[in-house]
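One letter stands for each residue in the lines below.
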Amino acid sequence: MTGRFAHDAEFLRQQEFERMAAATVPTLESLRFLNPTQLRARVAGMLERRGYQLLTPETANNLLAIKDGEKCVVAFASTSDPAPVQANHMIELHRVVTDTNAAKGFYVTTRGFSRDAEAYAKTAPLNMVDGPKLVASIKRSMEDLPAPDSYKTMCRQCGEIVTHRLDRTEAIACKSGHPVAPPIALAALDVGARPGGSTSRAYEPPRHYTRREINAHNAKYAARKKKERKPAAPKEPAPDYDAGPDPFAC
């Protein structure tokens, strides 16, 4: 049964989730799941923590910021387009930089850049910020911030507020004795690919195979493995997003 305070409780849950997500270093996969407004907000928060002053709303298509008297423009690639950024986007950013009397421009994408785009940026006052560089920049800006460990939840029956911890999964009784289950899971703050599953919006479950198809496949696989007997490949190290120069350093 839905409680009388369900609407207010859901509104508080969303507020608390956004607060904790903004204070958590994102993964590259989680950044790729953000919509354009959410991505701009993450970058705007990172810039402010790095000492930049925003001259435009964080929801603007292009962010205009200033630091140490130097104005810059921050442009964004489409979050729904997996293709690398092309040279025409860099040319457009260059035009905006000159039109706004800025000193330089940053082009932010959660993906990558084409070779033509890289070639153009090297001969213009433009900095390219791909997915790994963006994760590293956000991480640097959050080094001195305390990690969130608790959040507020509203009882959906009486409206009382209780405090949950991210490392606990047990329900907590409100002052009226109603059990209030934690509505936020720690793993939800780290959206991305998971072993044994997919969170892709385009994910389709595999088709079901017959027992005969499975047995035939297993027999072929076993025969092939007997011939190969190759040593297992070494496990690849986790990506180091801190490697490389800081694109937002003055």
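Just above sits the structure.
In what follows, the accompanying structure is described. Quick caveat, the model's predicted, so the values are computed rather than measured. (Residues numbered from 1 in each chain as written. Predicted model: local features only at pLDDT ≥ 70, side-chain atom pairs only at ≥ 80, totals over all residues. Heavy atoms only, no water.)

### Quick look at unusual backbone geometry
We note that D68 has phi near 55°; this positive angle belongs to a residue other than glycine. Within the chain, N101 stands out as a residue other than glycine whose phi angle is a positive 55°. Take N101: it is sitting in the loop between helix 4 (87-99) and strand 4 (104-108). Residue N101 is classed as exposed on the basis of its relative accessible area of 66%. (Helix = DSSP H or I, 4+ residues; strand = E, 2+ residues; numbered from the N terminus. Buried < 20%, exposed > 50% of the residue type's maximum accessible area, 1.4 Å probe, protein only.)

### A look at the packing of helix 4 against helix 5 (residues 115-122)
Following both chains from N to C, one finds helix 4 and helix 5 inclined at 25°, their axes separated by 7 Å at the closest point. Of the possible angle classes, the one that applies to helix 4 and helix 5 is roughly parallel. Of helix 5, the residues touching helix 4 (which contributes A87, M90, I91 and H94) are D116, A117, Y120 and A121. Partitioning the contact of helix 4 with helix 5 into residue classes produces 6 nonpolar, 1 polar and 1 charged. (Axes fitted to C-alpha atoms, helices over the stretch in contact; angles between N-to-C directions. Parallel < 35°, antiparallel > 145°, perpendicular 65-115°, else oblique. Contact = heavy atoms within 4.5 Å. Nonpolar A, V, L, I, M, F, W, Y, C, P; charged D, E, K, R; others polar.)

### So, helix 1 (residues 6-22)
Along its 17 residues, helix 1 runs 24 Å from first to last C-alpha, staying within 8% of the 24 Å computed at 1.5 Å per residue. Burial in helix 1 covers these residues: A6, A9, L12, E16 and M20. Angularly, the buried residues of helix 1 cover 125° about the axis, an arc narrow enough to put them on a single face. Away from the buried face of helix 1 by more than 90 degrees, exposed residues H7 and E18 are located. The inward-facing, buried residues of helix 1 abut strand 6 (150-154) and strand 7 (161-165). (Expected span 1.5 Å × (residues − 1). Arc of directions from axis to C-beta.)

### Details of the pairing of strand 4
When you tally the buried positions in strand 4, you get 5 out of 5 residues, the bulk of the element. A two-sided burial pattern is seen for strand 4, the buried positions comprising K104, F106 and V108 on one face and G105 and Y107 on the other. Sheet topology note: the strand 3 (residues 70-76)/strand 4 ladder contains 5 bridges and is parallel. Bridging across to strand 4, A75 finds its partner in Y107. Remark: the strand 3/helix 4/strand 4 crossover connection has right-handed handedness. Bridge count for strand 4 against strand 5 (residues 126-129) is 4 bridges, and the pairing is parallel. Pairing of V108 across the sheet is with V129, part of strand 5. Handedness of the crossover is the feature at issue here: the chain leaves strand 4, passes through helix 5, returns alongside strand 5, and the resulting connection is right-handed. (Pairing = 2+ DSSP bridges. Right-handed = clockwise from strand over helix to strand, strands pointing away.)

### Here we look at the packing of aromatic side chains
Under the counting rule described, the total for this entry stands at 2 aromatic pairs. Ring centres of Y107 and F113 lie 6.3 Å apart, and the angle between their planes is 75°; this geometry places the pair in the edge-to-face category. Classification of Y107 by relative accessible area gives buried; the value is 5%. (Phe/Tyr/Trp six-rings, centres within 6.5 Å; stacked < 30°, edge-to-face > 60°.)

### Digging into the side chain of R50
You can see R50 is positioned in the loop between helix 3 (36-49) and strand 1 (53-54). Residue classification places R50 among the buried positions, given a relative accessible area of 16%. Among all residues touching R50, those that are not within four sequence positions of it are K67, S137, R140, S141, D246, F248 and A249.

### With respect to the pairing of strand 7
What you see with strand 7 is a clean split: V162 and H164 sit on the buried side and I161, T163 and R165 on the side with no burial. Strand direction decides the pairing type here: strand 6 and strand 7, joined by 5 bridges, are antiparallel. Residue T153 lies in a different strand from strand 7, and its bridge partner there is V162. Hairpin remark: strand 6 followed by strand 7, antiparallel, with 6 residues in the connecting loop; positive phi at G159, about 85°.

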